[in-house]
Amino acid sequence: MSIIDTRTPDPKRFISGATGDWEVVVGMEVHAQVTSQAKLFSGASTEFGAAPNANVSLVDAAMPGMLPVINEECVRQAIRTGLGLQAKINLRSVFDRKNYFYPDLPQGYQISQFKQPIVGEGIVIVSVGPDKKGEFEDIEVGIERLHLEQDAGKSIHDQNPTMSYVDLNRSGVALMEIVSKPDMRSSEEAKAFLGKLRSIVRYLGTCDGNMDEGSMRADVNVSVRRPGAPFGTRCEIKNVNSIRFVGQAIEYEARRQIGLLEDGVAIDQETRLFDPNRGETRSMRSKEEAHDYRYFPDPDLLPLEFDQAYVDGLASGLPELPDAKKERLVASLGLSAYDAAILVTEKAIADYFERVAVGRDGKTAANWVINDLLGALNRTGKAIESAPVSPDQIGTIIDLIKEQTISGKIAKELFEIVWTDGGDPRQIVEARNMRQVTDTGAIETAVDEIIAGNPDKAAQAKAKPTLAGWFVGQVMKATGGKANPQAVNALIKAKLGMEG
């Protein structure tokens, strides 16, 4: 099958080599563990973290006479994922045997899908950025196919100096292999694609996307070429288990290939591994082709068939996905595309924001969630699911500002108190005397004292009104940040004759 290159070369993504510009071409095969309580062809548990070989049925261990039985929940989840990828759902698909030997593959073959997968071509819209101007660029990444297959077990080589152990807990776990087209042209695009894919399956609930637990991992195909030239020879980087590592692996591999080609050395098509400690890829084995696996239809499994009504029923129950949610937040709440893109990245973040935004100004809610909450989470390394400040608490802080009970500066201090100690923001404001001063008499006294103590600056401010900001700062400092900023500003302008 020939692969058509549909993207126009983009000079801003070229890599400079010693002999001119190069273009990197990236495709990806993402293995996503299906969210289900049982494995693809057996009733064994898929629980993560169980004792070695605790979740193994006779089918998973390939005992004689044990036959696979398809798990309908895994089929449902694959179809739902295909719909989320705007892909063609094939009403008839076939399971094949992919033959190879490895100690943690008891059958000596993997049950997968080859020529007739359950899901065909689709598309993912990927937002790359933000750039230096804070803007995103949307690109389309084609999906070649999604097929179901069973996972292998795990070989453990570091527990004994003379033996390797085998854990079959993952043997038979259902995987969706999502194969992209070679439409990505930089490590940033590849990272954005993998992040978007993880976001989609998490919104759908078809995979938890936990790369650190191995439930989502990527094989990354990298090649380089002169701009506009045919595709070059690709190398596959196997089992990369973080978005950051995907970017690092592509950067290193592209430079490695460019160096070889500029030295007149041909690229060998091979499978490589990424070493995150050294930040480099290394050769693993020569790249297998489809004929090496001797695919043939699995004689123990009938073709998988369902009707369009079954697909339509699943489609009707899909949740709102990131792209649709982003459009709605922009249209209904007036958010910028930038803010909306950040908020919909993870379903948990979007859900949190929408709870904050109920009955409140959307832009204000977005600023607090993005700048204060996500900023604090990043500083402390916490996930939003374990955030010590709830949506209701942030919402109350926003309400207190709107009611002019507290100023923006006090609100920041209040957020830090709630983050550290918890509690009801309203009660904290009262207990700690954090209400802003709205008594114009008290504010006027502070303004008069600052102006009287700084006659030279007062004279300068009358000639240069922008200097009024200095007086505002001094009054806020003198009142411990509790004075109402609008009242302070109005009084200073009046006292210095700056009205209008």
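Residues numbered from 1 in each chain as written. Predicted model: local features only at pLDDT ≥ 70, side-chain atom pairs only at ≥ 80, totals over all residues. Heavy atoms only, no water.

Turning our eyes to something else, we now look at the overall build of the protein chain. A count of helical and extended segments in the protein chain gives 15 helices and 16 strands. On C-alpha atoms alone, the protein chain measures out to a radius of gyration of 29 Å, which is more than a quarter above the 23 Å that the 2.2 N^0.38 rule sets for 500 residues. When the backbone C-alpha atoms are referred to their principal axes, the protein chain occupies close to 95 × 55 × 55 Å. The burial tally for the protein chain puts 48% of its 500 residues in the buried class. Long-range pairs, those at least 24 residues apart, make up 69% of the contacts in the protein chain between residues at least 6 apart in sequence. On the protein chain, roughly 24,300 Å² of surface is accessible, and the fraction owed to carbon and sulfur atoms is 51%. Computed over 58 positive and 71 negative side-chain charges, the separation of the two mean positions in the protein chain equals 3 Å. (Helix = DSSP H or I, 4+ residues; strand = E, 2+ residues; numbered from the N terminus. Rg over C-alpha atoms; globule rule 2.2 N^0.38 Å. Buried < 20%, exposed > 50% of the residue type's maximum accessible area, 1.4 Å probe, protein only. Contact = heavy atoms within 4.5 Å. Areas by Shrake-Rupley, 256 points an atom, 1.4 Å probe, with all protein chains shown as cover. Lys, Arg positive; Asp, Glu negative; His and termini not counted. Charge placed at Lys NZ, Arg CZ, Asp CG, Glu CD.)

Before going further, it helps to spend a moment on a nonpolar patch on the surface. There is a patch of nonpolar side chains on the surface, built from L58, M63 and M66 and spanning about 270 Å² of accessible area. M63 sits in the partly exposed class, given a relative accessible area of 39%. (Patch = residues over 30% accessible without salt bridge, like charges linked within 9 Å, V, L, I, M, F, W, Y side chains within 5 Å. Salt bridge = Lys/Arg side-chain N within 4 Å of Asp/Glu carboxyl O.)

Turning to the environment of F415, a few remarks are in order. Looking at the element boundaries, F415 is found in helix α10 (residues 408-421). The spacing of F415 and W368 is 47 residues in sequence and 9.8 Å in space, taken between C-alpha atoms. Not counting residues up to four positions away in its chain, the partners in contact with F415 are W368, D372, L373, A376, V389, I394 and I397.

The subject of this paragraph is the side chain of S112. Along the chain, the position of S112 falls in strand β5 (residues 109-112). The class for S112 is buried, based on a relative accessible area of 1%. Here the side chain of S112 touches E149 through a polar contact of 2.9 Å, side chain to side chain. Every residue in contact with S112, bar those within four places of it in the chain, is listed here: V94, F95, D96, H147, L148 and E149. (Polar contact = N/O pair within 3.5 Å; in protein donor to acceptor, adjacent residues only side chain to side chain.)

Let's shift gears to the pairing of strand β7 (residues 137-150). Counted residue by residue, β7 has 10 buried out of 14 residues, so it is predominantly covered. Here strand β6 (residues 122-128) pairs with β7 via 7 bridges, running antiparallel. The residue bridging V128 from the neighbouring strand is E137, located in β7. Pairing of β7 with strand β10 (residues 174-180), which is carried by 7 bridges, proceeds in the antiparallel orientation. The partner of Q150 across the bridge, within β10, is A174. (Pairing = 2+ DSSP bridges.)

That is the geometry; function is a separate question.
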